[in-house]
Amino acid sequence: MDDLLREFLTETNESLDVVDVELVKFEQDPNNAKILANIFRLVHTIKGTCGFLGLPRLEAIAHAAETLMGKFRDGVPVTPQAVSLVLSSLDRIKSLVAELEATEQEPTGSDRDLIELLERMAESGAPAAPVAAAPPPPEAKPGPTLVQAEGPKHASGDIVYQVLERPLRPGEDSLDDLERAFRETEAEVPLLKQLEPKRDAPAKTAPSAEKRGGREPAKERDPAAETEAAKGGVSAQTIRVSVDTLEHLMTMVSELVLTRNQLLEIVRRHEDSEFKVPLQRLSNVTAELQEGVMKTRMQPIGNAWQKLPRVVRDLSQELGKQIELEMVGQDTELDRQVLELIKDPLTHMVRNSADHGLETPDQRKASGKSEKGTIRLSAYHEGGHIIIEIADDGRGLNVDRIRQKVLENGLASESELEKMTEQQICKFIFAPGFSTAAKVTNVSGRGVGMDVVKTNIDAIGGTVDLKTVIGQGTSFTIKIPLTLAIVSTLIVEAAGDRFAIPQLSVVELVRAQSNTEHRIERIRDTPVLRLRNKLLPLVHLSKLLGITDRSPNAVVRPEDDGFIVVMLVGNQTFGVVVDGVFHTEEIVVKPMSSMLRHITMFSGNTILGDGSVIMIVDPNGIAQALGGITSTAEMAGEKDADDDRARVDAQTISMLLFRAGSAEPKAVPLSLVTRLEEFSVEKVEHSNGRDLVQYRGSLMPLVYFDEMLQRKSEGSVPMLVFSDAGRSMGLVVDEIIDIVEDELNIQVGSERPGVLGSAVIKSRATEVVDIGFYLPQAFEDWFQRKEMKVESLTRSLLFVDDAPFFRNMLGPVLKAAGFNVTSVESAVEGLKLFDDGRRFDVVVSDIEMPNMNGYEFAEILKRHPKYRQIPILALSAICTPASIERGRQAGFDDYIAKFDRAGLIAALKEVTTTEYGIAA
Amino acid sequence: MSEEITSLTDSVQYVTVMIGGQLFGLPIERVHDVFMPESITRVPLARGEIAGVLNLRGRIVTAIDMRKRLHLALRQDGGQTMAVGIEHKGESYGLLIDNVGEVLTLPTAGREPNPVNLDQKWAAISGGVHRLNGHLMVILDVDRVLGGMAEVLAA
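Residues numbered from 1 in each chain as written. Chains lettered and ligands numbered in written order. Predicted model: local features only at pLDDT ≥ 70, side-chain atom pairs only at ≥ 80, totals over all residues. Heavy atoms only, no water.

## Quick word on the overall build of chain B
Link 1 in the chain: Secondary structure assignment for chain B yields 4 helices and 11 strands.
Link 2 in the chain: When each of the 155 residues of chain B is scored for burial, the buried share is 51%.
Link 3 in the chain: In chain B, the proportion of contacts linking residues at least 24 apart, taken out of those at least 6 apart, comes to 56%.
Link 4 in the chain: Surface summary for chain B: the accessible area is close to 7800 Å², and the carbon and sulfur share equals 53%. (Helix = DSSP H or I, 4+ residues; strand = E, 2+ residues; numbered from the N terminus. Buried < 20%, exposed > 50% of the residue type's maximum accessible area, 1.4 Å probe, protein only. Contact = heavy atoms within 4.5 Å. Areas by Shrake-Rupley, 256 points an atom, 1.4 Å probe, with all protein chains shown as cover.)

Here it is, written out as structure tokens:
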């Protein structure tokens, strides 16, 4: 690309960013001539350069926009519409520039539409003839500063003048333009001597004059010059350096640091070395140099915020909200690489706050707040990290809605949610595909967004957290490292080799030894660790990397002795087992050779102080590799957003495999299991003829798979814990085998109580256990609230129940009875399926449901000519003669108590066969 | 690339190396260093030919086990391995070899194409053969030695 063109592009992009911000400021403060002058000048510069480079389209738009702004300067009132128009022409310029950058050619096309609008706006608002408008008072400047500004400017100012003047004419056509050109030159070059006399000093706006003065000649310094000039008009003390040069410098300094470290290591081994003193000096200089070079890469975070005022302004217009954007700590610096990466997530979050967080002025007034909402952005340093907060004073997150959405999307089960704090639930907004916006707006609410934000922040080793108070607002806190070039790592050993693990992902270290509290246990062959009531999936680093110790004097260590590095990646927590942990070291990450880059387990390599090369473990790579392995009950729930849907469609379902009673594996749907626990036999107490354990502060009854079997008298017993509505029971099993994701296809029914039938799971015949059989053994009234079973041909059955527990339960149960089951959580959803043209042979509905209850549901169906033939059964915990009568009236074909499984099956059989009989 | 240039001149200088009893020659302008590799860090999950990474005066160098690259048996004599440092596409590599010999200046005219019956794996990385007194020297085409590895990766 042409140097000139490249220079132009860089410069123009910067100018445009500044203009964006300034315009928004100007709109709020239309009387500030200083801002206007600045905008005017920037746009003018763009126009001038475009003409010079032969870019007629850009020039024409810039010119029209400038004309309009000229009117502002002449005292035409500044309206939001006019500002919007100018902003949209800037957008057009931006898109043209972007294309120019890509193709090195100005794209063809016409901007007549925009230009006409601009011209019309300019004309309608023009109070006087263009020429007459020429000398606007605020531009004038008094002597003292001028003297200073003049000298350097004079010469270069002239050049600019020519540059701008000449292309103007060929670029456009009419006399009109010439006239304008005249006007502009007058306004534009007030610094030129000849203008001074004209405008004696009515307004003493010295700083503004000074600013223009400082800037005019040095176009390339525009944005930087602003602050510079404001500080005192000294010609700018900055130079433009290409990023490559800086990167190279940084690399070289990194090398220097490494060499220094090696030298220090050597000297450490030699007492009384004469190198000691000079080396100390070298060390200090190196450290300073490193710091200095790091500084050159640092940029104020304000650069990433530059676009936000404009974004917020557009949003406030679009959404009809009054929004004030406060920015604190713009000067906080961070590495430019990080800055680039954080830009988009930040913009998205601010949009989100404006769209979802803040209320409309009416709503705000109603809740006693000022009409104007505030979004506050702040940044500050904290121990090698930069903290960015985005806070709004809006309505706060609606935890109930999030909870509901989590259930709908199957991100977690009800029982899991019950155990979570509000903060934890709120964090679900970062889950993929999650959006609580009631309606999809232009701004956000497309269900992409917060998860992308989180992914981006994770990618640079950052974290994001949120706090919310209903009615008072929400604040997001982002914590990111200052730089990606230097990383603090933990040096560990596995199979005789050393590896570096980035500290940021390390949560804690646990020493694992057999016979201690922290010992590695196994579920089948999967190692796990019990850590504070949670089951932590483990992986041996050496196994993950497929390495063994090959040195001759390798000690054979017991496999389960070692250190567990507990890591948190995204929302995945896991433990990495290593043989030893050495120390932490700040390392300079070096990219890996292209021949090694395909190995996802490593993110780079580096040279340690002792001169050896070490591989840097990529926590994301490990998390990915683990993805298939890790599934504690909780995690399986979080993992798959489509899990619930899949279950409704009777596709794959997570099954927990275990052994109990016999050698054959048994299975239950994982979603039914709340937790997996293990108790030592001594803890089991006997009371009132049954076994109990103390669990979470209350007594939990234990149910044995087979009452006949010999119970263990020592050791510990694994059990599946089922919870519903605050009650728990433990189903004691012999061994937990695995968690698998498989299609549940019960092939052989069972006559035996407690077994639904047999299915092939993981290519083994597996008994699918009917949890419904065991639950009443713990609490006889377990099903007073809900539940049941069935038998028939393959008929389609619609099951409506608001409790996920029973929906999950019934899937397999009804399927075992030969029905093709579709479960929905509300009558409304059920009706929607009918509307969508789905056919069902029979409907089973709960009675007590929110919104539309079972009676209403039945009435609607029975009134519909097309559906009135479909038999519909009521399932309810309340079985009084009155309620049964009410059910009959509503049109239910039968009314069955929830605990009466046999009754339900019989009823289903009856209604489906009679229905068949009639139809035949 | 380098060969086209060198073929225009009358002679080429080769650094000779021994790998598994065979004499190889590397064009001298491709050879940046000859060094004794120390403390190679193995890289788990990398391809077999990659012996690991090592620190050569502050640069991280990827070490390629040439015996494995040439599908030769592992070295049994326990002698000190040597390495030839080369650059390829802006990255540093070290080719692990058995011994380094003298530098030979050989006439371009004396270079002969690979025998048609040469093992395909060898032919793929050989830039021709020189007949010397008493033995043959195979020209190692550095770009193909390393480029071939990258290709397999991309596939």
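## Quick look at the nonpolar core
Link 1 in the chain: One finds Phe-499 and Ile-622 of chain A to be the most contacted residues of the largest nonpolar core, which totals 62 residues.
Link 2 in the chain: Looking at this core, the element that brings in the most residues is helix α4 (residues 142-154) of chain B, giving 4 residues.
Link 3 in the chain: If we skip the residues at most four places from it in the chain, Phe-499 of chain A touches Leu-490, Ile-491, Val-492, Ala-494, Leu-541, Leu-545, Ile-547, Phe-602, Ile-614, Met-615 and Val-617 of chain A together with Pro-44 of chain B.
Link 4 in the chain: In terms of nonpolar packing, the next biggest core, distinct from the first, is built from 51 residues, Leu-346, Phe-428, Phe-434 and Ile-480 of chain A among them. (Core = buried A, V, L, I, M, F, W, Y, C linked by side-chain atoms within 4.5 Å.)

## Side note on the sheet that holds strand β3 (residues 31-35) of chain B
All names here are of chain B.
Link 1 in the chain: With respect to topology, 5 strands assemble into an open sheet ordered β3-β6-β7-β5-β4, the strand pairing being mixed. For this open sheet the edge positions go to β3 and β4 (50-56), each flanked by a neighbour on one side alone. Each adjacent strand pair in this sheet contributes to an overall mean axis angle of 30°, direction not counted.
Link 2 in the chain: Across 4 bridges, β3 lies against strand β6 (residues 82-88) in antiparallel orientation. Note on β6: the bridge partner recorded for Asp-33 is Gly-85. (Pairing = 2+ DSSP bridges. Axes fitted to C-alpha atoms, helices over the stretch in contact; angles between N-to-C directions.)

## A short note on the packing of helix α1 (residues 3-28) of chain A against helix α4 (residues 80-103) of chain A
All names here are of chain A.
Link 1 in the chain: Across the interface, α1 lies against α4 with an axial gap of 11 Å and an inter-helix angle of 165°. The angle between α1 and α4 falls in the class roughly antiparallel. Judged by the twist between their axes, the crossing of α1 over α4 is left-handed. Judged by residue contacts, Leu-5, Phe-8, Leu-9, Thr-12, Asn-13, Leu-16, Val-19, Asp-20, Leu-23 and Glu-27 of α1 engage Pro-80, Val-83, Val-86, Leu-87, Leu-90, Ile-93, Lys-94, Val-97, Leu-100 and Glu-101 from α4.
Link 2 in the chain: Tallied by class, residues from the contact of α1 with α4 come to 14 nonpolar, 2 polar and 4 charged. (Parallel < 35°, antiparallel > 145°, perpendicular 65-115°, else oblique. Left-handed = near helix turned anticlockwise from the far one by under 90°. Nonpolar A, V, L, I, M, F, W, Y, C, P; charged D, E, K, R; others polar.)

## Comments concerning a nonpolar patch on the surface
Residues and elements named next belong to chain A.
Link 1 in the chain: The grouping of Leu-263, Ile-266 and Leu-282 at the surface amounts to a nonpolar patch, some 210 Å² of accessible area in total.
Link 2 in the chain: Position of Leu-263 among the secondary structure elements: in helix α11 (residues 243-269).
Link 3 in the chain: For Leu-263, a relative accessible area of 33% puts it in the partly exposed group. (Patch = residues over 30% accessible without salt bridge, like charges linked within 9 Å, V, L, I, M, F, W, Y side chains within 5 Å. Salt bridge = Lys/Arg side-chain N within 4 Å of Asp/Glu carboxyl O.)

## Remarks on the sheet that holds strand β13 (residues 534-540) of chain A
The strands making up a sheet are joined through hydrogen bonds of the backbone, oriented either antiparallel or parallel.
Residue and element names in this part refer to chain A.
Link 1 in the chain: Within the open sheet, the 6 strands sit side by side as β10-β14-β15-β13-β12-β11. Their pairing is mixed. Pairing within the sheet leaves two strands with one partner each, and these edge strands are β10 (506-512) and β11 (520-523). Within this sheet the neighbouring strands show an average axis-to-axis angle of 35°, counted without direction.
Link 2 in the chain: Note: β11 against strand β12 (residues 526-531), 4 bridges, orientation antiparallel. Bridged to Glu-521 within β12 is Val-528.

## Concerning the packing of helix α14 (residues 308-319) of chain A against helix α15 (residues 336-357) of chain A
Two numbers describe a pair of packed helices, the interaxial angle and the distance between the axes.
All names here are of chain A.
Link 1 in the chain: It is the contact of α14 with α15, at a shortest axis distance of 10 Å, that shows an interaxial angle of 25°. In this view, α14 runs roughly parallel relative to α15, as classed from their interaxial angle. In the packing of α14 onto α15, the handedness of the crossing is right-handed. Within the contact between the two elements, α14 uses Leu-308, Val-311, Val-312, Leu-315 and Leu-319 and α15 uses Thr-347, Val-350, Arg-351, Ala-354 and Asp-355.
Link 2 in the chain: Here the contact of α14 with α15 is built from residues that sort into 7 nonpolar, 1 polar and 2 charged.

## A closer look at the packing of aromatic side chains
Link 1 in the chain: Evaluated as defined, the whole model comprises 5 aromatic pairs over all chains.
Link 2 in the chain: With 5.3 Å between their ring centres and 45° between their planes, Phe-24 of chain B and Trp-122 of chain B make a pair best called tilted. In this pair, Phe-24 of chain B is assigned in strand β2 (residues 22-27) and Trp-122 of chain B in helix α3 (residues 120-123), connecting sequence segments 98 residues apart. The same class applies to Phe-24 of chain B as to Trp-122 of chain B, namely buried.
Link 3 in the chain: Ring pairing ties together the aromatic residues Phe-834, Phe-840 and Tyr-867 of chain A, which thus form one cluster. (Phe/Tyr/Trp six-rings, centres within 6.5 Å; stacked < 30°, edge-to-face > 60°.)

## Observations regarding the pattern of salt bridges
Residues and elements named next belong to chain A.
Link 1 in the chain: In the structure shown here, the tally under the stated rule is 39 salt bridges over all chains.
Link 2 in the chain: The partner of Glu-735 in a salt bridge is Arg-659, with the nearest N and O atoms 3.1 Å apart. Highlighted residues: Glu-735 in strand β27 (residues 735-743) and Arg-659 in strand β19 (residues 652-659), separated in sequence by 76 residues.
Link 3 in the chain: On the basis of relative accessible area, Glu-735 is assigned to the partly exposed category, the value being 34%.
Link 4 in the chain: Ionic contacts of the salt-bridge type, sharing partners, join the residues Asp-20, Glu-27, Asp-91, Lys-94, Arg-310, Arg-313 and Asp-314 into one network.

## Looking at helix α27 (residues 827-835) of chain A
All names here are of chain A.
Link 1 in the chain: Of all the positions in α27, only Ala-827, Gly-830, Leu-831, Leu-833 and Phe-834 are classed as buried. Mapping the buried residues of α27 onto a view down its axis gives an arc of 150°, with all of them on the same face. For α27, the exposed residues lying more than 90 degrees away from the buried face are Lys-832 and Asp-835.
Link 2 in the chain: Residues of α27 that are buried make contact with β31 (795-800), β32 (819-824), β33 (842-846) and α28 (854-863).
Link 3 in the chain: Downstream of α27 by one or two residues, Gly-837 has phi in the positive range, about 95°. (Arc of directions from axis to C-beta.)

## Observations regarding the UniProt feature "modified residue: Phosphohistidine" (unreviewed entry) in chain A
Residues and elements named next belong to chain A.
Link 1 in the chain: The residues that UniProt annotates with the feature "modified residue: Phosphohistidine" (unreviewed entry) are His-44.
Link 2 in the chain: Structurally, the position occupied by His-44 is in helix α2 (residues 33-53).
Link 3 in the chain: Its relative accessible area of 4% is what places His-44 among the buried residues. (UniProt positions renumbered as here; feature names shortened; annotations may be inferred.)

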